[in-house]
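An overview of the molecular structure
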Amino acid sequence: MFGRKKGSDQQGTPVNLLESILLVVDGSQPSIAAANFAVDLAAQLASRITAVYVVDTATMDYLLQMRIFVREEREEFEQDLQRTGKRYLDYVTAAGSKAGVSVDTVLLRGRFNTMILQEARNRQVDAIVVGGWRRSVTRKDATSVERQLILDQADCPVLVVKDDEKRRDERG
């Protein structure tokens, strides 16, 4: 199933295959759906969640280099993203607390996909949960590329949560 562990220990007792889940948080609606899914899943499996928000400084540095940003704008934008990230991480912590799920939060700076994959490897997570996305047919979408790189390069299963509407209707 998921993770790198066997399905039972030597005595035949079932082992939780998803003890540790890394949740990618970016503030988008699909990311919120992924957070709700991850919390529900962790509650059912007694898993713990590491919620990660990345301030993509690599993209900001590129925009600065291309003179789309001036230094002051870049610094202000980074601070805004850090505040936004903390707010969304707090949301996941509250949702986890309400469901009785342990949630660690991590706010990172760097290249989005690199930081997510590095954190997953460092923590040796059993799965990564990420919100779904649609790649634009008419233009190259940097966000889609970054997420595709996570799918391609992850050492563990990646669960893509595409839609929360059906689950919301079921929960009332």
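Each value, and the rule that gives it
Residues numbered from 1 in each chain as written. Predicted model: local features only at pLDDT ≥ 70, side-chain atom pairs only at ≥ 80, totals over all residues. Heavy atoms only, no water. Helix = DSSP H or I, 4+ residues; strand = E, 2+ residues; numbered from the N terminus. Contact = heavy atoms within 4.5 Å. Areas by Shrake-Rupley, 256 points an atom, 1.4 Å probe, with all protein chains shown as cover. Pairing = 2+ DSSP bridges. Axes fitted to C-alpha atoms, helices over the stretch in contact; angles between N-to-C directions. Patch = residues over 30% accessible without salt bridge, like charges linked within 9 Å, V, L, I, M, F, W, Y side chains within 5 Å. Salt bridge = Lys/Arg side-chain N within 4 Å of Asp/Glu carboxyl O. Lys, Arg positive; Asp, Glu negative; His and termini not counted. Charge placed at Lys NZ, Arg CZ, Asp CG, Glu CD. Buried < 20%, exposed > 50% of the residue type's maximum accessible area, 1.4 Å probe, protein only. Right-handed = clockwise from strand over helix to strand, strands pointing away. Phe/Tyr/Trp six-rings, centres within 6.5 Å; stacked < 30°, edge-to-face > 60°. Lys NZ or Arg CZ within 6 Å of the ring centre and 35° of its normal. Core = buried A, V, L, I, M, F, W, Y, C linked by side-chain atoms within 4.5 Å.

1. A closer look at the overall build of the chain
- When helices and strands are tallied, the chain shows six helices and five strands.
- Starting at the N terminus, the α and β elements of the chain follow one another as β-α-β-α-α-β-α-β-α-β-α.
- Partitioning the intrachain contacts of the chain with sequence separation of at least 6 by distance along the chain shows that 73% fall at a separation of at least 24.
- Surface accessibility of the chain: about 10,300 Å² in total, with carbon and sulfur atoms responsible for 48%.

2. Structural notes on the sheet that holds strand β5 (residues 158–161)
- Read across the open sheet, the five strands follow the order β3-β2-β1-β4-β5; overall the sheet is parallel. One side of each edge strand has no neighbouring strand; the edge strands of this open sheet are β3 (103–110) and β5. This sheet shows a mean twist of 25° between the axes of neighbouring strands, independent of strand direction.
- Pairing between strand β1 (residues 20–25) and strand β4 (residues 127–131): three bridges, direction parallel. Counterpart to L22 in the pairing with β4 is I128.
- Contacts between helix α2 (residues 57–65) and the sheet are confined to β2 (48–56) and β3, with β2 contributing the most and set at about 5° to the helix.
- Packing against the sheet, helix α4 (residues 112–123) makes contact with β1, β2, β3 and β4, and its axis sits at approximately 140° to β3.

3. Details of a negative patch on the surface
- Where like charges cluster on the molecular surface, the negative patch consists of E72, E73, E75 and E76.
- Within the secondary structure layout, E76 lies in helix α3 (residues 71–99).
- For E76, a relative accessible area of 52% corresponds to the exposed category.

4. Some words on the pairing of β2
- Burial within β2 is extensive, with eight of its nine residues counted as buried.
- Handedness of the β1-helix α1 (residues 29–45)-β2 crossover: right-handed.
- Strand direction decides the pairing type here: β2 and β3, joined by eight bridges, are parallel. Considered in β3, the bridge of Y53 is made with L107.

5. Here's the deal with the pattern of salt bridges
- Scanning the model with the defined rule gives seven salt bridges in all.
- Where R123 meets E119, a salt bridge forms, and the shortest distance between an N and an O atom there is 2.5 Å. A residue pair is termed a helical-turn pair when its members lie 3 or 4 positions apart in one helix, as R123 and E119 do in helix α4 at four residues.
- Here E119 falls in the buried class, since its relative accessible area comes to 12%.
- The network of salt bridges with shared partners includes D104, E119 and R123.

6. Digging into a nonpolar patch on the surface
- Judged by side-chain polarity, Y62, M66 and I68 come together as a nonpolar surface patch covering roughly 330 Å² of accessible area.
- As for its position among the elements, I68 is in the loop between α2 and α3.

7. Quick word on the packing of aromatic side chains
- All chains considered together, the criterion is met by zero aromatic pairs.
- A cation over a ring is seen here: R87 above Y88, with NZ or CZ 5.6 Å from the ring centre.

8. Structural notes on the nonpolar core
- Grouped together as the largest cluster of nonpolar side chains are 26 residues, with contacts concentrated most on L23, V25, I49, A51, V92 and V129.
- Among the elements that take part in this core, α1 stands out by supplying seven residues, more than any other.
- Beyond its immediate stretch of four places on either side in the chain, I49 contacts I21, L23, A38, V39, A42, V101, S102, V103 and D104.
- In terms of nonpolar packing, the next biggest core, distinct from the first, is built from 17 residues, V24, F112, I116 and I128 among them.

The quantities given are spatial measurements derived from coordinates; they are silent on function.
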